[in-house]
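Structural characterization, general
Next come the chains, spelled out residue by residue.
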Amino acid sequence: MPEKTLSDIFRNNFPSRKKQSLQKRLNDDEKRFILWAILEGWSSKRISETLKVNIITIQRFKSQYKNTPSVLLNLNLIKMTSRIPRNEYVCLICGKYIVEENTAQNHLIEHFINTENKNPQKIKSKPQISKWVEEL
């Protein structure tokens, strides 16, 4: 069974905070939603209104992953799949299957760092090991 991409998860089902949790930090699901919304072309204002968080919270998260791209790797946006005869990873942004963990991590980071403002479905270049993964 193929893994669900962020588009499959969030296209018609946006997370939103309840009144009692408005002051809490962003959880991983909310961060994944923000990343999906950015790739969909949403403004920070629209994202903050949907999540019911301050726009500054959205901007801080954007700044955080741009300054330290490795934070993206902690959001479970790549998953290992068991495919015989080798293990592969699937990118939950675009659904692409990738061999080798470093290549998959680099691919994920490139969605948000090097290819900002591009549709991830249209990325055709083969990811290369970048300084982001090597620094980990």
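See the structure above.
Please read these numbers as outputs of a predicted model, since none were measured by experiment. Numbering of residues starts from 1 in every chain and runs along the sequence as written. For a predicted model such as this one, the threshold for reporting local features is a pLDDT of at least 70, and the threshold for listing and counting side-chain atom pairs is 80 or more; totals across whole chains, interfaces and linings nevertheless cover every residue. Only hydrogens and water are set aside when side-chain values are computed; all heavy atoms of the structure are taken into account.

1. Quick notes on the overall build of the protein chain
A run of DSSP states H or I qualifies as a helix once it reaches four residues; a run of E qualifies as a strand once it reaches two. Both are numbered from the N-terminal end. Scanning the protein chain from N- to C-terminus turns up 6 helices and 3 strands. Shown N-terminal to C-terminal, the secondary structure of the protein chain runs as helices and strands in the order α-α-α-α-β-β-β-α-α. Between two residues, a contact is recorded if the distance between any of their heavy atoms is within 4.5 Å. Across the protein chain, every contact between residues at least 6 apart in sequence was considered, and the portion connecting residues at least 24 apart equals 49%.

2. What to know about the environment of Arg11
Among the structural elements, Arg11 can be located in the loop between helix H1 (6–10) and helix H2 (28–39). Spatially, the C-alpha atoms of Arg11 and Trp36 are 9.1 Å apart, while their sequence positions differ by 25 residues. In this structure Arg11 touches Leu6 and Trp36, once residues within four positions along its chain are discounted.

3. Observations concerning the pairing of strand E2 (residues 86–91)
Note: two strands are recorded as paired if DSSP finds a minimum of 2 bridges between them. As paired strands, E2 and strand E3 (residues 97–99) are joined by 3 bridges and run antiparallel to one another. By the bridge assignment, Tyr89 is partnered in E3 with Ile98. Between E2 and the antiparallel strand that follows it, E3, lie 5 residues; Gly95 among them carries a positive phi value of about 85°.

4. Describing the packing of H2 against helix H3 (residues 44–51)
Helix-helix packing is described using two parameters, namely the angle between the two axes and the distance between the axes. Relative orientation of the contacting elements H2 and H3 amounts to 145°, with a least axis distance of 10 Å. Between H2 and H3 lies a crossing whose hand is right-handed. Contact with H2, carried on its side by Glu30, Phe33, Ile34, Ala37 and Ile38, involves Ile47, Thr50 and Leu51 of H3 and no other residues of that element. As a rule, the C-alpha atoms of each element are fitted with a line to give its axis, helices using only the stretch in contact, and angles between N-to-C directions run from 0 to 180 degrees. By convention the crossing between two helices is left-handed if the near helix lies anticlockwise of the far one by an angle smaller than a right angle, and right-handed if it lies clockwise.

5. Quick word on the side chain of Thr81
Inspection of the secondary structure assignment puts Thr81 in strand E1 (residues 78–83). With residues near it in sequence (within four places) discarded, Thr81 still touches Asn87, Glu88, Tyr89, Val90 and Tyr97.

6. Looking at H2
Each helix should span, by expectation, one fewer than its residue count multiplied by 1.5 Å. Between the first and last C-alpha of H2 there are 17 Å, a value that for 12 residues agrees with the 16 Å anticipated at 1.5 Å per step. Counting buried positions over the 12 residues of H2 gives 9, a clear majority of the element. Residues of H2 that are buried: Glu30, Arg32, Phe33, Ile34, Leu35, Trp36, Ala37, Ile38 and Leu39. Where H2 is buried, its residues meet H1, H3, helix H4 (55–67) and helix H5 (101–112). Between a side-chain oxygen at the N-terminus of H2 and the backbone nitrogen of Asp29 the separation is 3.0 Å; the capping residue is Asn27. Working definition: with a 1.4 Å probe on protein chains only, accessible area under 20% of the residue-type maximum means buried, over 50% means exposed, and in between means partly exposed. N or O atoms within 3.5 Å of each other form a polar contact, as long as, within protein, one can give a hydrogen and the other can take it, and as long as residues adjacent in sequence are counted only when both atoms are side-chain atoms.

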